[in-house]
Amino acid sequence: MHNRSGQFVVPGDKIGVIEEFASGPGTYVKEGDVRSKIVGRVVVDLLNKRAFIYPSVRAASFPKVGSVIVGQVQSVQSKLALIRIMKVGKRQLSGFFTGVLHASDIGQGLIKNMRDVCLAGDIIQAKVISEKNMMYHLSIAERNLGVIYAFCSQCGYNLSLRERELRCSRCGNVERRKIALNYGVE
Amino acid sequence: MFSRKLIDESGIRADGRRLDELRPIKLEIGVLSNADGSAYIEQGKSKVIAAVYGPRELHPKHLSLPDRAMLRCRYHMAPFSVEQRKSPAPSRREMELSKVVREALEPSIFLEYYPRTSIDVFIEVLEADGGTRCAGITAASLALADAGIPTRDLVSACAAGKVEGLFVLDLTDAEDKASEADVPLAIMPNLGSITLLQMDGMLTLDEFQSIVELAVKGCKQIHSIQREALKAKYVAVKEVVEE
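Residues numbered from 1 in each chain as written. Chains lettered and ligands numbered in written order. Predicted model: local features only at pLDDT ≥ 70, side-chain atom pairs only at ≥ 80, totals over all residues. Heavy atoms only, no water.

Enquirer: For this particular structure, what's the right way to read the overall build of chain B?
Expert: Along the backbone of chain B there are 4 helices and 10 strands. Start at the N end of chain B and walk to the C end: the helices and strands fall as β-β-β-β-α-β-α-β-β-α-β-β-β-α. For a compact globule of 243 residues, the expected C-alpha radius of gyration is about 18 Å, and chain B comes in at 18 Å, within 12% of that figure. In terms of its C-alpha atoms, chain B occupies a principal-axis envelope of roughly 55 × 50 × 35 Å. Here chain B holds 243 residues, and 51% of them are scored as buried. Taking the intrachain contacts of chain B between residues at least 6 apart in sequence as the baseline, contacts between residues at least 24 apart amount to 65%. Carbon and sulfur atoms provide 54% of the accessible area of chain B, an area that totals close to 11200 Å². (Helix = DSSP H or I, 4+ residues; strand = E, 2+ residues; numbered from the N terminus. Rg over C-alpha atoms; globule rule 2.2 N^0.38 Å. Buried < 20%, exposed > 50% of the residue type's maximum accessible area, 1.4 Å probe, protein only. Contact = heavy atoms within 4.5 Å. Areas by Shrake-Rupley, 256 points an atom, 1.4 Å probe, with all protein chains shown as cover.)

Okay, here's the thing in C-alpha cells:
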C-alpha cells in the first residue's frame, strides 16, 4: 500500500488513487492518482473518504474579507488614503499589500477631508471589506479601528493622547485623527 | 592537449568518481531568515543558494497577470564564484539561464492559485564548478517547498555528457570544458516529465538517448536526496516541538 495517515510526504508523492478517497486540501489529482502538493503529513478521513495534508509549512497569508490588518498610511488625498498593509491579524507579512481607505468607510458622518482622519506615516488598524481583484478596500467604521500611532505634522514627534486630544509632546501642536480605542497601546 | 587524462583506464575520473556517480551533495533548507523559503546546495565544489519570496504583491502592478501568479527568476553568479573575477552585472549567459530556470520551475507550480501576485526566485552561485544551473534548479525547488507554495512535484536536475568518448554523469567544470557534449536535464520524477533539456555539442541519436537515460538516473538519485533533506528539516523540527 502507499502512504497512509501520519506518513511524511513531499510535493509529488502519491497518496493513493481516486477510487480510494477524494482529494482534500493540500492534495491534487493527476491521471487518477491523488498526490501531495505541499510538505506535510497525510491524514486520511475514512468516514468521509477524503485525504488531506496536515502542512508542515504554510504559504504566505493574504488579507481576507473581515480580517483586521495593521498598515502604514502611504498617501492621503481628499477622499481616500492608500495604506501599505504590513500585518494581517497577528501575522507579519514578508512583503506588503496595498489597500484603499475611502472617505465613505470612516463612519463618522460626512468626511469632508481625509486629512482630518489620518496623515501619511500614521499606523492604522483597519478591517478588510472587499478583496476583489487584489484591490483591498478597508474600513475603520468601528470603535476599535482607526489610527493607533501618529506623528506630528509640524515636527514629526509622536502624538500622545491627552484628555481626548492628540497633542504633540514636543511642540504642543494639536491634531485631528480618527483614532482607535487602543491608540498608543502596545 | 591535456597534461592529465580526465578518465583513467579503469573508468575512474579525476576526482575519484565512477562514470555514473554523482558528486557528494549536501542540502540544507531554510538557511535565510528573511526569505519565505530558502535552500542551500553543495554539489562537489559547486555551492548555490536559492531564495523564494512570495506570493506577494507585484510592482509595477500593470505587469501582474489576472489569472495567475508571475514567476520571476534571477540566476546570478557572485563575483568571487569563478577564478577570474566576474562582473556582478548580469551577463548574457546569466540572463538566458534565468529564463531557462524559470521555464524549468514554472510547470511544477500551481501559479493559478495566486492571481495578480508574483513569486520571486533568486539563485545565487557562490562557487561555480560545473552544473550550477542544475544545482540552482534543485535548490530552488526545495526553497519553493520551504515557502509552502503548492507544487505538482519537486524538480530535480542533473547533467550528463560525453567526455573522452565516455558517458559521464554530473560533469565538473574541467570535464565540461573538455567534453564533446553536455546535456543538462531537469525532471519532475514522480510525474515522469522533463522540464529542462539542453544540449551543448554534438551527439548521435543513440548517444543522446543513453546520455538522457543516464541524466534521468542522476536526477532520481538527487530526488531522493531532496526528499531526505526535507524530511530532516521538518520531521526533526516537529520532534523538538513535541518534547
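Further notes follow.
Enquirer: So what exactly am I meant to see when it comes to empty space enclosed by the protein here?
Expert: In this approach, a probe sized like a water molecule rolls over the atoms, and the result shows the empty space that is left. If you walk through the whole model with that rule in mind, you get 1 cavity of 30 Å³ or more. What the largest cavity holds in volume is close to 40 Å³. Listing elements by their share of the lining of the largest cavity, those giving two or more residues are β10 (91-102) of chain A together with β3 (46-57) of chain B. Broken down by element, the lining of the largest cavity gets its largest block of residues, 5 residues, from β10(A). Residues of the lining of the largest cavity, tallied by class, amount to 5 nonpolar, 3 polar and 1 charged. (1 Å grid on protein atoms, 1.4 Å probe; cavity = no way out; pocket = protein on both sides within 12 Å on 5 of 7 lines; lining within 4 Å. Points joined across faces, edges and corners; volume = space filled by probe spheres on them. Nonpolar A, V, L, I, M, F, W, Y, C, P; charged D, E, K, R; others polar.)

Enquirer: Before we go on, may I ask you to explain the environment of Tyr234(B) in this structure?
Expert: By the element assignment, Tyr234(B) lies in helix α4 (residues 205-242). Since its relative accessible area comes to 7%, Tyr234(B) is described here as buried. Dropping the residues within four chain positions of it, Tyr234(B) is found in contact with Phe8(A), Val39(A), Ser56(A), Val57(A) and Asp146(B).

Enquirer: Whenever I open this one, unusual backbone geometry confuses me. Can you help?
Expert: Glycine aside, negative phi is the norm for most residues, and most peptide bonds take the trans geometry. The omega torsion of the bond from Gly54(B) to Pro55(B) falls at 0°, within 30 degrees of zero and hence cis. Topologically, Pro55(B) is positioned in strand β3. Geometrically, the link from His59(B) to Pro60(B) is a cis peptide bond, its omega value of -5° lying close to zero. Positive phi, normally seen in glycine, also occurs at Arg164(A), with a value near 60°. The topology assignment puts Arg164(A) in the loop between β14 (159-162) and β15 (165-168). For Arg164(A), a relative accessible area of 85% puts it in the exposed group. Although it is not a glycine, Asp170(B) sits at a positive phi angle of roughly 55°. Relative to the helices and strands, Asp170(B) is located in the loop between β7 (166-169) and α3 (173-178).

Enquirer: Just checking my understanding: could you explain the interface of chain B and chain A for this structure?
Expert: Quoted interface sizes are often the accessible area lost when the parts come together. Contacts between the two partners involve 31 residues from chain B and, on the opposite side, 27 residues from chain A. At the boundary of chain B and chain A, one finds 1 salt bridge. When the shortest N-O distance is used, the salt bridge between Arg227(B) and Asp13(A) registers 2.6 Å. Of all the secondary-structure elements, those providing two or more residues to the side of chain B that touches chain A are β3, α2 (132-146) and α4 of chain B. Among the elements that line the side of chain B that touches chain A, the one with the most residues is α4(B), at 6 residues. (Salt bridge = Lys/Arg side-chain N within 4 Å of Asp/Glu carboxyl O.)

Enquirer: Sorry if this is basic, but what is going on with the pairing of strand β9 (residues 193-197) of chain B here?
Expert: Consecutive side chains of a regular strand alternate in pointing toward one face of the sheet and then the other. Residue and element names in this part refer to chain B. Bridging between strand β8 (residues 181-188) and β9 involves 4 bridges; their strand directions are antiparallel. Residue pairing across strands places Met188 opposite Ser193, the latter belonging to β9. Between β8 and β9, which pair antiparallel and follow one another directly, the connecting turn spans 4 residues, one of which, Gly192, has a positive phi of 65°. (Pairing = 2+ DSSP bridges.)

Enquirer: I'm lost on the layout of surface pockets in this one. Help?
Expert: All names here are of chain B. Empty space within the largest pocket amounts to approximately 740 Å³. Every residue lining the largest pocket is counted, 29 residues in all, and those nearest its centre are Arg93, Gly130, Thr132, Asp173 and Asp176. Every element with two or more residues in the lining of the largest pocket is listed here: α1 (92-105), α2, α3 and β8. Residue contributions to the lining of the largest pocket peak at 5 residues, all from α1.

Enquirer: Please clarify how the sheet that holds strand β4 (residues 27-30) of chain A should be interpreted in this entry.
Expert: Note: strands within a sheet are paired through backbone hydrogen bonds, in either parallel or antiparallel orientation. Residue and element names in this part refer to chain A. Spatially, β2-β5-β4 is the arrangement adopted by the 3 strands of the open sheet, whose pairing is antiparallel. Two strands close off the open sheet at either side, each with one partner strand: β2 (14-17) and β4. Strand-to-strand twist across the sheet, computed as the mean angle between neighbouring axes with direction ignored, equals 30°. Summarising the sheet, β2 and strand β5 (residues 33-36) pair through 3 bridges and their orientation is antiparallel. Across the sheet, the residue bridging to Lys14 is Arg35, located in β5. (Axes fitted to C-alpha atoms, helices over the stretch in contact; angles between N-to-C directions.)

Enquirer: I tried to follow α2(B) on my own but got confused; where do I start?
Expert: Since the α-helix turns once every 3.6 residues, residues separated by three or four places project in the same direction. Residues and elements named next belong to chain B. Over its 15 residues, α2 extends 20 Å from the first C-alpha to the last, a length consistent with the 21 Å expected when each residue adds 1.5 Å. Burial analysis of α2 places 14 of its 15 residues in the buried class, the great majority of the element. Of the residues one or two after α2, Gly148 is the one with positive phi, at around 80°. (Expected span 1.5 Å × (residues − 1).)

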